[in-house]
Amino acid sequence: MEGIRYNVLTQDDLRVRLEVDTHKVGELLSITPGLAAVLLRHCQWRPERVQGAWFDNGEAFRVDVGLPSSEDDVSGPRVLTGRTPNCQCFDGSAGRPSRSSGCSHYFCDECWRRYIRVAMDDEDPRCLPLQCPEPLCAVPVVRELVVDVVHDADADTLLAQYDRFMLLSYVDDSGGRIQWCHGRGCSRAVEFLGSSDGDDSVSTDVFCECRHGFCWTCGKEPHRPVSCDAAQAWVDENRPPKASLDDQLLEKALRDMDDLKSSWLENMATDLGIEVTDLDFVTQAYEEIAECRRRIRWVHAYGSYYLDPERDRNKCELFGCLLKEAKDSLDSLQLCAEQERLTLCTTEVVAIAETYSASKKTVMDHTRETRQHFDNLVKAAETHFQD
């Protein structure tokens, strides 16, 4: 469906973004990547916000983050070598390096290790906003310090855990700009970019690559074209959309997609001598079928919830016509997709190239037509037939 723009991000995608953002901010402000990550986290992981805060109101911004007010003092972790004052925390550290997180409070490596390990022992990302152990000192502990002091047998595990917490923060502290997919066992995230027509009050259904869909606004099952409040009211009244047949057809479409991805696409691509991606038109057809089946359930709910047969007679008639056109087009697409799959499977090798081209055009034309019918139906419902 058109109208909504979003990205589905893997954990590798998130790691790359996090690294790019921290190095970008670090180079711009001449600070370490670890300190850049602290600033980014404070600004919902938006580099432009960090840049604006640093240059427009730098002193107040640095103090708010826990750094010295002058940017000349923002140098990151510090080390004292040789004979040093006793460790300010636990054991004496005379003759051994003592470190600070960038302030004047120095602690030996062992104390730092224990301090950091305790913060991460309970699987709690609270180690990210970790501050200097000295009471009332708000200077943040950055990744470079963690790397320097965690160098025992558990180093790799602790650093991996720290980096995992940072990745969680990149999503959880994004101010709602990025959300984890709600699908069971899925580790992807979804970044919402807004509506293509500038109206973010509608078209908030998003779908992950794992096929799980959810409403961006309320996190519940996708329910376009009805609003979040109307969908919740519908559920509370125990009046689910009257489309049990469509539910069965949705399950069939999802099973067909599983079949496509598990074996059919690769086998057919091999037979045709083409790349699997050249059969994307088949995948897109079944994705459209599944999405339209989902949409029908809530289109029925819209008709029952919003339209009164007496008060909205003209709207009901138009709604009925649009719904019939959309359903007929969807049934036609379903039949077309199944027939063309069968055709490709049974065509002789010598004629496969011509059959492939014809099948591709037929399926793409039906997919495009169905998408247009459902866009018209859903748009009419979302605007309450005002256009």
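Here, every reference points to the structure presented above.
The structure reproduced in this document is the subject of the present report. (Residues numbered from 1 in each chain as written. Predicted model: local features only at pLDDT ≥ 70, side-chain atom pairs only at ≥ 80, totals over all residues. Heavy atoms only, no water.)

**Observations regarding the sheet that holds strand 3 (residues 98-100)**
Reading across the sheet, the three strands line up as 2-3-4 and stay open at both edges, with antiparallel pairing between neighbours. Since the sheet does not close on itself, it has two edges, and those belong to strand 2 (78-80) and strand 4 (107-108), each with one partner. Of the pairings in the sheet, the one linking strand 3 to strand 4 comprises two bridges and is antiparallel in character. Counterpart to Arg-99 in the pairing with strand 4 is Phe-107. (Pairing = 2+ DSSP bridges. Helix = DSSP H or I, 4+ residues; strand = E, 2+ residues; numbered from the N terminus.)

**Looking at a negative patch on the surface**
Together, Glu-275, Asp-278, Asp-280 and Glu-287 make up a negatively charged patch on the protein surface. Following the sequence through the fold, Asp-278 ends up in the loop between helix 9 (244-272) and helix 10 (280-306). (Patch = residues over 30% accessible without salt bridge, like charges linked within 9 Å, V, L, I, M, F, W, Y side chains within 5 Å. Areas by Shrake-Rupley, 256 points an atom, 1.4 Å probe, with all protein chains shown as cover. Salt bridge = Lys/Arg side-chain N within 4 Å of Asp/Glu carboxyl O. Lys, Arg positive; Asp, Glu negative; His and termini not counted. Charge placed at Lys NZ, Arg CZ, Asp CG, Glu CD.)

**Quick notes on helix 10**
Helix length check: helix 10, at 27 residues, gives a terminal C-alpha distance of 38 Å against a target of 39 Å (1.5 Å per residue), a fit within 8%. Counting buried residues in helix 10 gives 21 out of 27 residues, a clear majority hidden from the surface. (Expected span 1.5 Å × (residues − 1). Buried < 20%, exposed > 50% of the residue type's maximum accessible area, 1.4 Å probe, protein only.)

**A few points about the state of the cysteines**
Summed over all chains, the structure comprises zero disulfides. Among the cysteines around Cys-108, which has no disulfide bond, Cys-111 carries the closest sulfur, lying 3.5 Å off. The thiol sulfur of Cys-208 is not disulfide-bonded, and the nearest other cysteine sulfur, from Cys-186, lies at 3.7 Å. (Disulfide = S-S within 2.5 Å.)

**Describing the packing of aromatic side chains**
A ring pair, where both rings are aromatic, is described by two values, the distance of the centres and the angle of the planes. Following the criterion strictly, the structure yields twelve aromatic pairs and no others. Summarising the aromatic geometry, the rings of Trp-112 and Tyr-115 are spaced 6.0 Å apart at their centres and angled 65° between planes, so their arrangement reads as edge-to-face. One end of the pair, Trp-112, and the other, Tyr-115, are both in helix 5 (residues 109-121), three residues apart, so they sit about a helical turn from each other. Measuring from ring centre to ring centre gives 5.2 Å for Phe-192 and Trp-216, while their planes differ by 20°; the resulting arrangement is stacked. In this pair, Phe-192 is assigned in strand 6 (residues 189-195) and Trp-216 in the loop between strand 8 (213-215) and helix 8 (228-236), connecting sequence segments 24 residues apart. (Phe/Tyr/Trp six-rings, centres within 6.5 Å; stacked < 30°, edge-to-face > 60°.)

**Points about the nonpolar core**
Formed by 51 residues in total, the largest nonpolar core has its most connected members in Ile-31, Leu-39, Val-50 and Ile-116. For this core, the secondary-structure elements that each account for two or more residues are helix 1 (11-29), helix 2 (33-42), helix 3 (47-56), helix 4 (58-65), strand 4, helix 5, helix 6 (143-149) and helix 7 (155-172). Sorting elements by how many residues they give to this core places helix 7 first, with nine residues. (Core = buried A, V, L, I, M, F, W, Y, C linked by side-chain atoms within 4.5 Å.)

**Points about the packing of helix 11 (residues 313-346) against helix 12 (residues 352-382)**
At their nearest, the axes of helix 11 and helix 12 sit 9 Å apart, and the two run at 160° to each other. Compared by their axis directions, helix 11 and helix 12 come out roughly antiparallel. Viewed along their axes, helix 11 and helix 12 form a crossing whose handedness is left-handed. For the contact of helix 11 with helix 12, the residue count by class is 14 nonpolar, eleven polar and three charged. (Axes fitted to C-alpha atoms, helices over the stretch in contact; angles between N-to-C directions. Parallel < 35°, antiparallel > 145°, perpendicular 65-115°, else oblique. Left-handed = near helix turned anticlockwise from the far one by under 90°. Nonpolar A, V, L, I, M, F, W, Y, C, P; charged D, E, K, R; others polar.)

**Examining the pattern of salt bridges**
Enumeration over the complete set of coordinates arrives at 25 salt bridges. Salt-bridge contacts for Arg-211 lead to Asp-258; the nearest nitrogen and oxygen are separated by 2.5 Å. One end of the pair, Arg-211, is in the loop between strand 7 (205-207) and strand 8; the other, Asp-258, is in helix 9, with 47 residues separating them in the sequence. For Asp-256, the salt bridge is made with Lys-252, and the minimal N-O distance between the two is 3.0 Å. Pair noted here: Asp-256 and Lys-252 are both in helix 9, with a separation of four residues, about one helical turn. Assessed through its relative accessible area of 29%, Lys-252 is described here as partly exposed.

**Section: helix 7**
Every α-helix winds through 3.6 residues per turn, so residues three or four apart in the chain are directed the same way. Taking 1.5 Å per residue as the helical rise, helix 7 with its 18 residues ought to reach 26 Å, and the 25 Å between its terminal C-alpha atoms agrees with that figure. Every buried residue of helix 7 is listed here: Ala-155, Leu-158, Leu-159, Gln-161, Tyr-162, Phe-165, Met-166, Leu-167, Ser-169, Tyr-170 and Val-171.

**Concerning unusual backbone geometry**
Between Arg-224 and Pro-225 the backbone carries a cis peptide bond, its omega angle lying at 20°. Along the chain, the position of Pro-225 falls in the loop between strand 8 and helix 8. Residues other than glycine seldom take positive phi values, yet Ser-30 does so here, at roughly 60°. One can find Ser-30 in the loop between helix 1 and helix 2. Accessibility expressed as a relative area gives 65% for Ser-30, which makes it exposed. A positive phi angle is found at Arg-211, which is not glycine, with a value near 80°.

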